[in-house]
Amino acid sequence: MPIATPEVYAEMLDRAKAGKFAYPAINVTSTQTLHAALRGFAEAESDGIVQISTGGAEFLGGQHNKDMVTGAVALAEFAHIVAAKYDVTVALHTDHCPKDKLDGYVRPLLDISAERVAKGQNPLFQSHMWDGSAETLAENLAIGQELLAKAAAAKIILEVEITPTGGEEDGVTHEINDELYTTVDDALRTAEALGLGEKGRYLLAASFGNVHGVYKPGNVVLRPELLKDLQEGVAAKYGKAAGSLPFDFVFHGGSGSTEQEIATALENGVVKMNLDTDTQYAFTRPIVDHVFRNYDGVLKVDGEVGNKKVYDPRSWGKSAEAGMAKRVTEACANLRSTGTKLK
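Residues numbered from 1 in each chain as written. Predicted model: local features only at pLDDT ≥ 70, side-chain atom pairs only at ≥ 80, totals over all residues. Heavy atoms only, no water.

Caption draft 1: Fine view of the overall build of the chain. In terms of regular secondary structure, the chain is built from 13 helices and 10 strands. A globule of 343 residues ought to have a C-alpha radius of gyration of about 20 Å, and the chain, at 20 Å, matches this closely. The principal-axis extents of the C-alpha atoms in the chain amount to approximately 75 × 50 × 40 Å. For the chain, the residues scored as buried account for 55% of the 343 residues in total. Counted over contacts in the chain with a minimum sequence separation of 6, partners at least 24 positions apart contribute 73%. Of the roughly 15,000 Å² that the chain leaves accessible, carbon and sulfur atoms contribute 52%. (Helix = DSSP H or I, 4+ residues; strand = E, 2+ residues; numbered from the N terminus. Rg over C-alpha atoms; globule rule 2.2 N^0.38 Å. Buried < 20%, exposed > 50% of the residue type's maximum accessible area, 1.4 Å probe, protein only. Contact = heavy atoms within 4.5 Å. Areas by Shrake-Rupley, 256 points an atom, 1.4 Å probe, with all protein chains shown as cover.)

Put into structure tokens, the structure is as follows:
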């Protein structure tokens, strides 16, 4: 069962929350980066999440027509075949989707999974993300209610981002400022609109100073302890037992975070952490090294013929896969998921 069923995905998330670990959610843009993610999970003996953003899906759809749905479906179908060769369980997820791309991405993918479920099959993806952080919270949650109902009917988990994450992700940009912190009131309004599981399960990307992309230490102030306040505020309002964690949190903008920041987030209910920037670099760095070391082989310099063995994409592609896989295993270690795979 290399691609999680809806029941197994729910079990994965429950195990993560109970064990205070999280799954790395690795963005992929090709079959090769997919293999790198799967290899990293397998080498760490960790289950995990593979995700495709709108930009990644557009790239996967090919530059001739750049169709996001085609790209996402093609890679998901490919993953269902090749993941069988890896001794781990993975869930397929679509990353950030803003309002203007819902009709061209998430809604059609939900329809595809609904058709599969109606035929007695499992959904194609196990979760989808709605990124309404650029909208008012009221509109964000209203759209979230609609999508949650459709997701639940298709046995899919919805991820919602209720307040901004700084930086830029596939065209959605937010300034890095004091607005990057979710309040208890934001969390209460979310629980009121989306429920706490009775309307369908969802993952919550709350903001605690997170920033997408590359940043140096000190430029961003992360406050993962804020997640505890959100959990306790909602638990108190809804009569949950002391110490309970009503939300399944997602850590966005995780590249470059310290081990202590990650550990605090895990203690407060984070079950999924997105990784893209660091894995992009880990994939590309070996390619650059290969080109620099084999300059006169990868190029036909001064009328020479070059060296086919070093400009063959397989020669540098294997190193790229290995480099990214290594970074994925490091993420598993940081998130405490190493050795926790389902038996």
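Now that the structure is up, let's keep going.
Caption draft 2: Here's a closer look at the side chain of Asn 140. Structurally, Asn 140 can be placed in helix α6 (residues 137-153). Among residues more than four places away in sequence, those in contact with Asn 140 are Trp 130, Gly 132, Ser 133, Glu 135, Glu 161 and Ile 162.

Caption draft 3: Molecular detail of a nonpolar patch on the surface. A grouping of Val 288, Val 291 and Phe 292 is seen on the molecular surface, where their side chains present a nonpolar patch of about 270 Å² in accessible area. When you line up the elements, Val 291 lands in helix α10 (residues 277-293). (Patch = residues over 30% accessible without salt bridge, like charges linked within 9 Å, V, L, I, M, F, W, Y side chains within 5 Å. Salt bridge = Lys/Arg side-chain N within 4 Å of Asp/Glu carboxyl O.)

Caption draft 4: Geometry of the pattern of salt bridges. Taken as a whole and judged by the stated rule, the model has 19 salt bridges. In this structure, Lys 272 and Glu 159 form a salt bridge, with 2.9 Å as the shortest nitrogen-oxygen distance. Here Glu 159 lies in strand β5 (residues 157-161) and Lys 272 lies in strand β10 (residues 270-275), a separation of 113 residues in the sequence. Judged by its relative accessible area of 0%, Lys 272 is buried. With a closest N to O distance of 3.1 Å, Arg 336 and Glu 267 form a salt bridge. In this pair, Arg 336 is assigned in the segment after α13 (313-334) and Glu 267 in helix α9 (residues 259-267), connecting sequence segments 69 residues apart. Overall, the relative accessible area of 37% leaves Glu 267 in the partly exposed class. One network of salt bridges, in which partners are shared, links Asp 14, Lys 17, Arg 201 and Asp 248.

Caption draft 5: Molecular detail of the packing of aromatic side chains. Applying the stated criterion to the full structure yields 4 aromatic pairs. Pairing Tyr 202 with Phe 247 gives two aromatic rings, centres 6.5 Å apart and planes at 55°, and the pair type is tilted. You can see Tyr 202 sitting in strand β8 (residues 202-205) and its partner Phe 247 sitting in the loop between α8 (226-237) and β9 (249-251), a full 45 residues away along the chain. The same class applies to Tyr 202 and to Phe 247, which are both buried. Judged by centre distance (4.9 Å) and plane angle (70°), the ring pair of Phe 208 and Phe 251 falls under edge-to-face. (Phe/Tyr/Trp six-rings, centres within 6.5 Å; stacked < 30°, edge-to-face > 60°.)

Caption draft 6: Examining α13 more closely. Here α13 spans 31 Å end to end across 22 residues, near enough to the 32 Å set by a 1.5 Å rise per residue. Gly 317, Ala 320, Glu 321, Gly 323, Met 324, Ala 325, Arg 327, Val 328, Ala 331 and Cys 332 are the residues of α13 that are buried. Where α13 is buried, its residues contact β1 (23-27), α2 (31-44), β10 and α10. Backbone geometry just after α13 places Arg 336 at a positive phi near 65°. (Expected span 1.5 Å × (residues − 1).)

Caption draft 7: Inspection of the nonpolar core at higher detail. Phe 41 and Tyr 105 are the most contacted members of the largest nonpolar core, which totals 77 residues. Per-element accounting of this core gives the leading share, 8 residues, to helix α4 (residues 68-82). With residues up to four places along the chain from it excluded, the contact list for Tyr 105 reads Ile 52, Ser 53, Thr 54, Ala 57, Met 68, Val 69, Ala 72, Thr 94, Asp 95 and Cys 97. The next biggest cluster of nonpolar side chains, apart from the first, holds 17 residues, and it includes Leu 13, Ala 16, Ala 91 and Val 250. (Core = buried A, V, L, I, M, F, W, Y, C linked by side-chain atoms within 4.5 Å.)

Caption draft 8: Region of the structure containing unusual backbone geometry. Unlike most non-glycine residues, Lys 20 shows phi in positive territory, near 55°. Along the chain, Lys 20 falls in the loop between α1 (6-19) and β1. Overall, the relative accessible area of 27% leaves Lys 20 in the partly exposed class. Positive phi values are uncommon outside glycine, yet Arg 336 reaches one of about 65°. Judged by relative accessible area, which is 35%, Arg 336 ranks as partly exposed.

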